[in-house]
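# A closer look at the structure
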Amino acid sequence: MKIANRRAATVCALAAGTVLLVAGPASAHVGVDPQEAAKGGYSTVNFKVPNEKDDASTVKLEVAFPADHPLTSVMPQPVPGWDVKVEKKKLDKPITMHGEKVTEAVSKVTWSGGKVGPGEFQQFPVSMGQLPKDADHLVFKALQTYDDDDVVRWIEEPQEGAAEPEHPAPVLKLAAAEESGADAGDSADDAKSAGKAAGKAAAAPEEDAGSGSDTTARVLGVVGIVVGVAGIAFGVLAGRRRTA
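So, a few notes on the structure that sits alongside this text. Every value quoted in this text rests on a predicted model; they were computed, and no experiment measured them. (Residues numbered from 1 in each chain as written. Predicted model: local features only at pLDDT ≥ 70, side-chain atom pairs only at ≥ 80, totals over all residues. Heavy atoms only, no water.)

Glancing now at the overall build of the chain. The number of helices and strands found in the chain is 2 helices and 12 strands. Starting at the N terminus, the α and β elements of the chain follow one another as α-β-β-β-β-β-β-β-β-β-β-β-β-α. Considering only intrachain contacts with a sequence separation of at least 6, the fraction spanning at least 24 residues in the chain is 71%. Here the chain displays about 16,500 Å² of accessible surface, and carbon together with sulfur accounts for 56% of that area. (Helix = DSSP H or I, 4+ residues; strand = E, 2+ residues; numbered from the N terminus. Contact = heavy atoms within 4.5 Å. Areas by Shrake-Rupley, 256 points an atom, 1.4 Å probe, with all protein chains shown as cover.)

In this section: the nonpolar core. Core analysis: the largest hydrophobic core is formed by 31 residues, its most contacted members being Phe47, Phe65, Trp111 and Met128. Those elements that provide at least two residues to this core are strand 3 (43-50), strand 4 (58-64), strand 7 (100-116), strand 8 (121-129), strand 10 (141-146), strand 11 (151-154) and strand 12 (171-175). Sorting elements by how many residues they give to this core places strand 7 first, with 4 residues. Beyond its immediate sequence surroundings of up to four residues, Phe47 is in contact with Gly31, Val32, Leu61, Val63, Trp111, Gln122, Gln123, Phe124, Val126, Met128 and Phe140. (Core = buried A, V, L, I, M, F, W, Y, C linked by side-chain atoms within 4.5 Å. Buried < 20%, exposed > 50% of the residue type's maximum accessible area, 1.4 Å probe, protein only.)

Regular strands place side chains that alternate from one sheet face to the opposite one. Examined bridge by bridge, strand 4 and strand 7 share 6 bridges and lie antiparallel to one another. Bridge pairing in strand 7 links Glu62 to Thr110. Note: strand 4 against strand 10, 6 bridges, orientation antiparallel. Paired with Ala64 across the bridge in strand 10 is Lys141. (Pairing = 2+ DSSP bridges.)

Moving on to the sheet that holds strand 3. Ordered by their spatial adjacency, 4 strands build an open sheet running 1-3-8-5, and the pairing between neighbours is antiparallel. Each end of this open sheet is capped by a strand with a single partner; those strands are strand 1 (31-33) and strand 5 (73-76). Ignoring which end each strand starts from, the neighbouring axes of this sheet average 30° apart. Where strand 3 and strand 8 come together, 8 bridges link them in antiparallel fashion. In the sheet register, Pro50 faces strand 8, and the bridge partner there is Phe121. (Axes fitted to C-alpha atoms, helices over the stretch in contact; angles between N-to-C directions.)

Bringing the environment of Leu172 into the picture now. The topology assignment puts Leu172 in strand 12. Among the residues examined, Leu172 registers a relative accessible area of 0% and is labelled buried. Sequence spacing of Leu172 and Val139 is 33 residues, and the spatial spacing of their C-alpha atoms is 6.5 Å. Among residues more than four places away in sequence, those in contact with Leu172 are Val32, Pro34, Gln35, Glu36, Ala37, Val45, Met128, Asp136, His137, Leu138 and Phe140.

Applying the stated criterion across every chain yields a total of 6 salt bridges. Here Lys53 makes a salt bridge to Asp150, at a shortest N to O gap of 2.7 Å. Taken as a pair, Lys53 in the loop between strand 3 and strand 4 and Asp150 in the loop between strand 10 and strand 11 lie far apart in primary sequence, 97 residues in all. On the basis of relative accessible area, Asp150 is assigned to the partly exposed category, the value being 31%. Among the ionic pairs, Glu62 bridges to Lys60, the shortest N-O distance being 3.8 Å. With relative accessibility at 15%, the residue Glu62 sits in the buried group. A network of salt bridges, in which partner residues are shared, links Lys60, Glu62, Glu87 and Lys108. (Salt bridge = Lys/Arg side-chain N within 4 Å of Asp/Glu carboxyl O.)

According to the stated counting rule, one finds 6 aromatic pairs in the structure shown. With centroids separated by 6.3 Å and ring planes inclined at 50°, the aromatic side chains of Phe47 and Trp111 adopt a geometry described as tilted. Here the residue Phe47 occupies a position in strand 3, and Trp111 occupies one in strand 7, the gap between them amounting to 64 residues. For the pair Phe47 and Trp111, one class covers both residues: buried. Arranged with centres 5.5 Å apart and planes meeting at 80°, the rings of Phe47 and Phe140 form a pair that is edge-to-face. Of this pair, Phe47 sits in strand 3 while Phe140 is found in the loop between strand 9 (137-139) and strand 10, placing the two residues 93 residues apart along the sequence. (Phe/Tyr/Trp six-rings, centres within 6.5 Å; stacked < 30°, edge-to-face > 60°.)

For the rest of this paragraph, the subject is the side chain of Thr110. On the secondary structure map, Thr110 appears in strand 7. Every residue in contact with Thr110, bar those within four places of it in the chain, is listed here: Lys60, Leu61, Glu62, Asp83, Val84, Lys85 and Glu87.

Following this line, the structure appears as structure tokens:
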């Protein structure tokens, strides 16, 4: 019985190890974080690079930017220990950005000089924009170079409804932008107007109460004057009668 249990445990351990070996490479690949950004805006995207090897380190990353949707503003954030190089390419057709004509756009960004060791990963942040309004996603093909001269090409574009390719390219999904600034401003103005209206409504009862108090005081004053005049007239008549 003990021998049978040991054999069963060994078989289970081997099976689990096989699953990890198969699943490991599939889950560890170059990607982007976050995976989604707003159309027509600007976003900071991190290219996340895990090291898949146990006996080599990643020493270079090359990311190609899409030519069909050129990005005119691309600014990498400095990463300690890494050198960065930004390459630009002339556009076949100039585009207008913020009232100015742009004739070139970033075509590739390369990081080198650093090291991502076994069991580690590194993020390479990039601020980019203006993101296109007429696209649902952007594909960034990447090359990952190890210090043993092995180059992994993450350039296969995933297809909807199909299985994930062996070396998928990083994909940034683009979603519709949220409420615009103008709409937000209108909402704020509406809120202010509503607040003013509420203030006036709250002040109205107090004003009515004040008006009522003034009216009462005036009536009492008139009554007092009439009573006073009547008293004086009564005194005068009484004096005349005594004199007579």
